[in-house]
Amino acid sequence: METKVVVIDEENIDEGAVKNLEEAGEIIKNGGLVAFPTETVYGLGGDALNPESSKKIYAAKGRPSDNPLIVHVADMEHLQKIVTDIPDVAYALAKEYWPGPLTMIMNKSEAVPYETTGGLDTVAIRMPSNKIAAELIRKAGGYIAAPSANVSGRPSPTEAKYCVEDLSGKVEMIIDGGKVGIGLESTIIDLTVNPPMILRPGYITKADLAKILNEVDVDKTILDGNSKVAPKAPGMKYKHYAPKGNLKIVEGDPDKVISYINEKLAEAKNRGVKTGVIATKETADRYEADVVKVAGKRDDEAEIARNLFSILREFDDEEVLEMYSEAFDSTGIGQAIMNRLLKAAGHQVIDLEEA
Ligand code: AMP
Ligand code: MG
């Protein structure tokens, strides 16, 4: 299949862009796939109400079919058709955080095929704020199932070029809307349990949610690599975001972390292995790796979130085989950053305080 790539400027959806969005909408209505930008990461979209489309999404990603898809909507009126009842808290959360990087889980109606929900009676729903995404959803009939637009196991794409890398020849169209704003997937909250539970941390933090909800639980498996309990979001159990080389996270006093990492880098260099470090602005020039990536200023978590996945992809492009990362705070957005970083590192953490 030939993949058509079109460029759309989110801030200037002109006549040409509208035509491209209409074509993309038709592709999805006819059972095809389109990769498109959202504010979190790029999505791989198909008609959420068409079981054949969902099967195609799993095939294009190489994703296990028990890992449910998120259904993207553009307007509140569209919710009714896909859920059995809309809890009051959903309205309250939507009022504050939709459109935006929050996914809510509710009980699905018969309109949503089990192919889309990975066999579950619940459905995950999000309303993205990206204007290209919103227009595409409307033109495609209102319901787009879209996981991240990467091949399963690779870092989620934050730019269209990574969608091209992973999905060329497997989808009808890729919409290039530039670099995404947030860079980490949405926060997922399950509203079918009491109290509601965060299944995946994201840009919208527990504290943000607690402003609206009386009580919020967090799935305990989120930061714990040793947990014997399966995570509640089926997708969270898979190894994710993994670069091709070996990544370890080093935690502890900053000076000790730097000297420990430099020691390991020297050893790797002696073995002739290409090395990399994920550093912060404050520490970057103290590392002696072949490739040093600056995630951002340590206190600017939004910047670190935005850069993380592209750094992991760049390590692959530059064929780095041994990597170390500093650890980040595991509160606020930092919790989402650490959650993704831990998965990328296969939970290999070196805690220098414990050593
Ligand atoms: P992605 O689309 O790649 O961001 O992944 C979607 C995530 O949402 C995965 O971790 C899924 O397991 C999770 N998810 C989707 N639907 C449900 C659901 N009904 N219940 C629990 N988790 C879900
Ligand atoms: Mg994903």
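You'll find the structure just up there.
Notes on the structure follow. If you're wondering where the values come from, they're calculated on a predicted model, not measured in any experiment.

## Observations regarding the packing of helix α7 (residues 160-167) against helix α10 (residues 301-317)
It is the contact of α7 with α10, at a shortest axis distance of 12 Å, that shows an interaxial angle of 55°. As the angle between them shows, α7 and α10 are arranged oblique. For the pair α7 and α10, the crossing hand works out as left-handed. Within the contact between the two elements, α7 uses Tyr-162, Glu-165 and Asp-166 and α10 uses Ser-310, Arg-313, Glu-314 and Asp-317. Its residues placed into classes, the contact of α7 with α10 shows one nonpolar, one polar and five charged.

## Considerations on unusual backbone geometry
With omega at -10°, the peptide bond leading from Trp-98 into Pro-99 counts as cis. Relative to the helices and strands, Pro-99 resides in the loop between α4 (88-97) and β5 (102-107). Here the amide bond leading from Asn-194 into Pro-195 is cis, since omega sits at -5°, within 30 degrees of zero. Here Pro-195 shows up in the loop between β9 (187-190) and β10 (197-200). Phi at Glu-319 takes a positive value of approximately 55°, unusual for a residue other than glycine. Looking at where Glu-319 falls in the secondary structure, it is placed in the loop between α10 and β15 (322-326). Given the relative accessible area of 61%, Glu-319 is considered exposed. Residues other than glycine seldom take positive phi values, yet His-347 does so here, at roughly 60°. Mapped onto the secondary structure, His-347 falls in the loop between α11 (333-344) and β16 (349-351).

## Some remarks on the packing of aromatic side chains
What characterises a pair of aromatic rings is the spacing of the ring centres plus the angle enclosed by the ring planes. Overall, the coordinates contain zero aromatic pairs when judged by the stated rule. Here Lys-108 stacks its cationic end above the ring of Tyr-114, 4.3 Å away from the centre of that ring.

## What to know about the sheet that holds β15
Ordered by their spatial adjacency, five strands build an open sheet running β14-β13-β15-β12-β16, and the pairing between neighbours is parallel. Whereas interior strands pair on both sides, the edge strands pair on one side only; in this sheet they are β14 (291-294) and β16. Taking each pair of neighbouring strands and ignoring which way they run, the sheet shows an average axis angle of 20°. The pairing of strand β13 (residues 275-279) with β15 spans four bridges and is classified as parallel. Bridge pairing in β15 links Gly-276 to Met-323. Sheet strands touched by α11: β12 (246-251), β13, β15 and β16. Its angle to β12, the strand with the most contacts, is close to 135°.

## What about the nonpolar core?
Core analysis: the biggest nonpolar cluster contains 45 residues, and Leu-93, Leu-102, Met-104, Ile-125, Ile-189 and Leu-209 have the highest contact counts within it. At the level of secondary structure, the elements contributing two or more residues to this core comprise α2 (51-61), α3 (79-82), α4, β5, β6 (122-126) and α7. Element by element, the count of residues in this core is highest for α4, at four residues. Residues contacting Met-104, with those up to four places away along its chain left out, are Ala-90, Leu-93, Ala-94, Trp-98, Val-123, Ala-124, Ile-125, Ile-189 and Leu-191. In this structure, Leu-247, Ile-249, Ile-337 and Ala-345 belong to the second largest nonpolar core, which totals 27 residues.

## So, α7
Every buried residue of α7 is listed here: Ala-160, Tyr-162, Cys-163, Asp-166 and Leu-167. Looking down the long axis of α7, one finds its buried residues gathered within 155° of arc, a one-sided arrangement. In the core, the buried residues of α7 are packed alongside β2 (34-36), β3 (43-47), α2, β8 (173-176) and α10. Of the residues one or two after α7, Gly-169 is the one with positive phi, at around 85°.

## Considerations on the environment of Gly-100
With respect to the helices and strands, Gly-100 occurs in the loop between α4 and β5. Under the relative-accessibility criterion, Gly-100 is labelled buried at 1%. Considered as a pair, Gly-100 and Thr-40 are 60 residues apart in the sequence and their alpha carbons are 8.6 Å apart.

## Comments concerning the pattern of salt bridges
Applying the stated criterion across every chain, the model contains 21 salt bridges. Put simply, Arg-271 and Glu-322 hold a salt bridge, and the shortest N to O gap is 3.4 Å. Note that Arg-271 is positioned in the loop between α9 (254-270) and β13 and Glu-322 in strand β15, a separation of 51 residues in sequence. Overall, Arg-271 belongs to the exposed group, its relative accessible area being 51%. By relative accessible area, Glu-322 is classed as buried at 13%. Salt bridges sharing common partners tie together Arg-154, Glu-165, Asp-166, Arg-313 and Asp-316.

## With respect to the pairing of β8
Where strand β1 (residues 4-7) lies against β8, four bridges are found, and the strand directions are parallel. By the bridge assignment for β8, Val-6 is matched with Ile-175. Bridge count for β2 against β8 is two bridges, and the pairing is parallel. Directly across from Val-34, in β8, lies its bridge partner Met-173.

Here is what the cut-offs are and how they apply
- Residues numbered from 1 in each chain as written.
- Chains lettered and ligands numbered in written order.
- Predicted model: local features only at pLDDT ≥ 70, side-chain atom pairs only at ≥ 80, totals over all residues.
- Heavy atoms only, no water.
- Axes fitted to C-alpha atoms, helices over the stretch in contact; angles between N-to-C directions.
- Helix = DSSP H or I, 4+ residues; strand = E, 2+ residues; numbered from the N terminus.
- Parallel < 35°, antiparallel > 145°, perpendicular 65-115°, else oblique.
- Left-handed = near helix turned anticlockwise from the far one by under 90°.
- Contact = heavy atoms within 4.5 Å.
- Nonpolar A, V, L, I, M, F, W, Y, C, P; charged D, E, K, R; others polar.
- Buried < 20%, exposed > 50% of the residue type's maximum accessible area, 1.4 Å probe, protein only.
- Phe/Tyr/Trp six-rings, centres within 6.5 Å; stacked < 30°, edge-to-face > 60°.
- Lys NZ or Arg CZ within 6 Å of the ring centre and 35° of its normal.
- Pairing = 2+ DSSP bridges.
- Core = buried A, V, L, I, M, F, W, Y, C linked by side-chain atoms within 4.5 Å.
- Arc of directions from axis to C-beta.
- Salt bridge = Lys/Arg side-chain N within 4 Å of Asp/Glu carboxyl O.

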